[in-house]
Amino acid sequence: MTARSYSGISATERAVPFVSWWSRMWSRNAPGYLFLLPWFLGFFGLTLGPILTSLYLSFTDFDLLTPPEWTGAANYVRIFTADPKFAQSMRVTLSFVLFSVPLKLAFALGVALLLNRGMRGLPIYRAVFYLPSLLGASVAIAVLWRQLFAGDGVVNEFLLMFGIEGPSWISNPRFSLWTLIALAIWQFGSPMIIFLAGLRQIPTDMYEAASLDGASKWRMFWKITLPLLTPVIFFNAIIQTIEGFKSFTPAFIISGGTGNPINSTLFYTLYLYQEAFSFFRMGYASALAWILLIIVALFTGFSFLTSKYWVHYDN
Amino acid sequence: MSVTSAAPRLTVVTGEATPAKIWRKRALSVLAHALLIVASIVMLYPLLWMLSASFRPENEIFTSTSLWPSEWSIESYFRGWTGLRIGFGTFFLNSLIISVLCIIGNLATCSLAAFAFARLEFWGRPFWFAMMLGTLMLPYQVTLIPQYVLFHNLNWVNTFLPLVVPKYLAADAFFIFLMVQFFRGIPKELDEAAQMDGCSPWRIYWKILLPLSTPVLATAAIFTFIWTWDDFFGPLIYLSDIRTYTVQLGLRTFVDSSAESDWGGLFAMSILTLVPVFVFFLFFQRLLIEGIATTGMKR
């Protein structure tokens, strides 16, 4: 039997020749749209509508209390020509993404490769490595991180054992962003899980055939494992990059909501939050949000376009 | 495909297994374990350190990198619990209410949408499915301000509604995606047979698909719980009355008000906010790991 859907056209209906086009369309489509009703309400009311509204607001002056006032491209002009904090927050976020994502993925892949050798104790290791990425988004972990890297924190206590007097990592602008990058890398667990699942889908007979031909482990890694894993690497890279752009809580808690020292942890999301909810410049913040949307869209589009040159697909 | 099953061993057949080769293999295995154990210690140390710090007497917290307090004290927990104008009990209750309401909403509406995408045929389905996937990649900031204006105008600020109502409109596309993946794995013959017997789509959804989908529903419920419990940004912008605070906001207030004077209390409360998530992790680890693993896989 061919795959028949719930088109709802029962035998009796089909027998009546003058059943109208409309009622057929209705019975064919109504169930799908009814099931999707909550999603449609959410999609139009909470996603599409707000996207368009924020585009409109980005061309206005709006403080939430008085109606928005059309100012043309003034917000965008100011952002690109007279707003050092925009440039700074963009730099901070891009450095964060550029360093944390590759390092996180490298750790995730490295550990996944180690674990995939059929190790004893795999479930325990996997749980230990996964736990931080499950807890990591909470305020408690940000609090912990703030203490670890404080001037009199645990990290410096350790360094002192080796006779090194460490700086106050979180209040030194040279290192503050790196503590946040370290926090992101510490949470490599969830991409690791995805890598492990991906490794398991590589057929073992490929390795057997290769080793019969006398290929070394190293060669097998470069010629089999890595190419077959590229779809998973691609997926992880996209997800982690988007997560990186959205990161907010650690920077907020560790810097006390300021992005200091000297704006070295002023994440783009943090700057946007300040503009919108500390100064109630909703129009300006909307413009910032739209710039973020365009950057993320460009990045994703670019990744998908280039993916066909390096991502290996079966067919 | 079961993700938790042991990895297939690579049986490399390169000639005979000489003693030298066996030794080399053992040495490599010991080396790998050593590496992994060191890594595990590094990964867990911060968490264990905070746990032990929460049980130390106040004067000892900063003086030690060891994980074993010289004497155990639960004083920090009492001090932290009542350290703010409103006790942490209120924050825990608020977080619990919000989380439970979000779980119900996500399970109900995401599964409806997923059923439509996975099993029903209707005009425009590929288009709407693509739209749904698109929202997965959308940075939330771009809908943030109009949503805030909307909820502000509805007078919902300082209530739980802005945090809960979106879950009843299937706003978490991730779970729709997860459920679609799962539904596609259930044999279609089942609902086709039911359809021949005159079952309506609703009955097929309710009587056939949902009962077979408890694993994915449980996964979605647990992830919803963890993400709602950990959410800081939503409560930060929508809740400003301390009586409506969630645990994350309570913790942040604690940081601002007394961090310098009462680290012990702060660590104790931090540990308490992590406990529910940790318990879920302990008991449902397999579901969580499978849930994460399937997101990266194509069927």
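So, how was this worked out
- Residues numbered from 1 in each chain as written.
- Chains lettered and ligands numbered in written order.
- Predicted model: local features only at pLDDT ≥ 70, side-chain atom pairs only at ≥ 80, totals over all residues.
- Heavy atoms only, no water.
- Helix = DSSP H or I, 4+ residues; strand = E, 2+ residues; numbered from the N terminus.
- Buried < 20%, exposed > 50% of the residue type's maximum accessible area, 1.4 Å probe, protein only.
- Contact = heavy atoms within 4.5 Å.
- Areas by Shrake-Rupley, 256 points an atom, 1.4 Å probe, with all protein chains shown as cover.
- Domains from an automatic or database assignment.
- Salt bridge = Lys/Arg side-chain N within 4 Å of Asp/Glu carboxyl O.
- Buried area = accessible area lost by both parts, 1.4 Å probe.
- Polar contact = N/O pair within 3.5 Å; in protein donor to acceptor, adjacent residues only side chain to side chain.
- Axes fitted to C-alpha atoms, helices over the stretch in contact; angles between N-to-C directions.
- Left-handed = near helix turned anticlockwise from the far one by under 90°.
- Phe/Tyr/Trp six-rings, centres within 6.5 Å; stacked < 30°, edge-to-face > 60°.

1. Section: the overall build of chain A
Helices and strands together make up the secondary structure of chain A, namely 15 helices and two strands. Seen through its C-alpha atoms, chain A measures out along the principal axes to roughly 90 × 75 × 35 Å. Relative to its 315 residues, chain A shows a buried fraction of 54%. A separation of at least 24 residues holds for 65% of the contacts in chain A among residues at least 6 apart in sequence. Of the roughly 14,800 Å² of accessible surface on chain A, a fraction of 68% belongs to carbon and sulfur atoms.

2. A closer look at the domain arrangement of chain A
All names here are of chain A. When the domains of chain A are assigned, the result is domain 1 (11–76) and domain 2 (84–310). The centre of domain 1, based on its C-alpha atoms, is set 35 Å off from the matching centre of domain 2. In this complex, domain 1 contributes 11 residues to the contact, which on the side of domain 2 involves nine residues. Between the two partners, domain 1 and domain 2, sit zero salt bridges. Those elements that provide at least two residues to the side of domain 1 that touches domain 2 are α3 (37–57) and α4 (74–81). When residues of the side of domain 1 that touches domain 2 are assigned to their parent elements, the largest contribution, four residues, is made by α3.

3. Some words on the interface of chain B and chain A
Between chain B and chain A, the contact holds 108 residues from the first and 106 residues from the second. Of the roughly 9,500 Å² buried where chain B meets chain A, counting both sides, 77% is carbon and sulfur surface. If you sort the residues of chain B by the area they bury against chain A, Leu36, Met43 and Ile145 of chain B come out on top, with a joint share of 8%. At the junction of chain B with chain A, the criterion picks out zero salt bridges. Linking chain B to chain A there are eight residue pairs in polar contact (both at pLDDT 80 or more). The biggest single contributor to the side of chain B that touches chain A is helix α1 (residues 19–54) of chain B, with 17 residues.

4. Quick notes on helix α14 (residues 268–278) of chain A
The buried fraction of α14 of chain A is high, at 10 of 11 residues. Among all positions of α14 of chain A, only Tyr268, Thr269, Leu270, Tyr271, Leu272, Tyr273, Gln274, Glu275, Ala276 and Phe277 of chain A are buried. As for α14 of chain A, its buried residues are in contact with α5 (84–115), α12 (217–246), α13 (249–254) and α15 (282–310) of chain A together with α5 (141–153) and α11 (233–238) of chain B. Directly beyond the C-terminal end of α14 of chain A, a positive phi value near 50° is found at phenylalanine 280 of chain A.

5. Quick notes on the side chain of lysine 167 of chain B
All names here are of chain B. Along the chain, lysine 167 falls in the loop between α6 (161–164) and α7 (173–184). On the basis of relative accessible area, lysine 167 is assigned to the buried category, the value being 18%. Residue contacts for lysine 167: discarding those within four places in its chain leaves Cys102, Gly105, Asn106, Thr109 and Asp172.

6. Section: the packing of helix α7 (residues 139–148) of chain A against helix α13 (residues 263–295) of chain B
The interhelical angle for the contact between α7 of chain A and α13 of chain B, taken along N-to-C directions, is 140°, at an axis separation of 9 Å. The handedness of the crossing between α7 of chain A and α13 of chain B is left-handed. When α7 of chain A is examined against α13 of chain B, the residues Ala140, Ile141, Val143, Arg146 and Gln147 of chain A are found in contact with a partner set consisting of Trp263, Leu266, Phe267, Ser270, Thr273 and Leu274 of chain B.

7. Focus on the packing of aromatic side chains
All names here are of chain B. In total, this model carries 69 aromatic pairs over all chains according to the counting rule given. Relative to tryptophan 229, the ring of phenylalanine 92 has its centre 5.7 Å away and its plane inclined at 55°; by these criteria the two rings are tilted. In this pair, phenylalanine 92 sits in helix α3 (residues 88–119) while tryptophan 229 sits in helix α10 (residues 214–230), placing the two residues 137 residues apart along the sequence. Its relative accessible area of 3% is what places tryptophan 229 among the buried residues. Aromatic pair phenylalanine 151 and tyrosine 238: ring centres 5.7 Å apart, planes at 70°, arrangement edge-to-face.

8. Describing unusual backbone geometry
We note that asparagine 263 of chain A has phi near 60°; this positive angle belongs to a residue other than glycine. With respect to the helices and strands, asparagine 263 of chain A occurs in the loop between α13 and α14. Here alanine 170 of chain B, not a glycine, exhibits a phi torsion of approximately 50°, which is positive. Within the element layout of this structure, alanine 170 of chain B appears in the loop between α6 and α7.

9. Brief notes about the domain arrangement of chain B
All names here are of chain B. For chain B, the assigned domains read domain 1 (19–73) and domain 2 (81–295). Across the domain 1/domain 2 interface, buried area totals approximately 700 Å², and carbon plus sulfur atoms make up 82% of it. Connecting domain 1 to domain 2 are zero salt bridges. Counting across the interface, domain 1 meets domain 2 through zero residue pairs in polar contact (both at pLDDT 80 or more).

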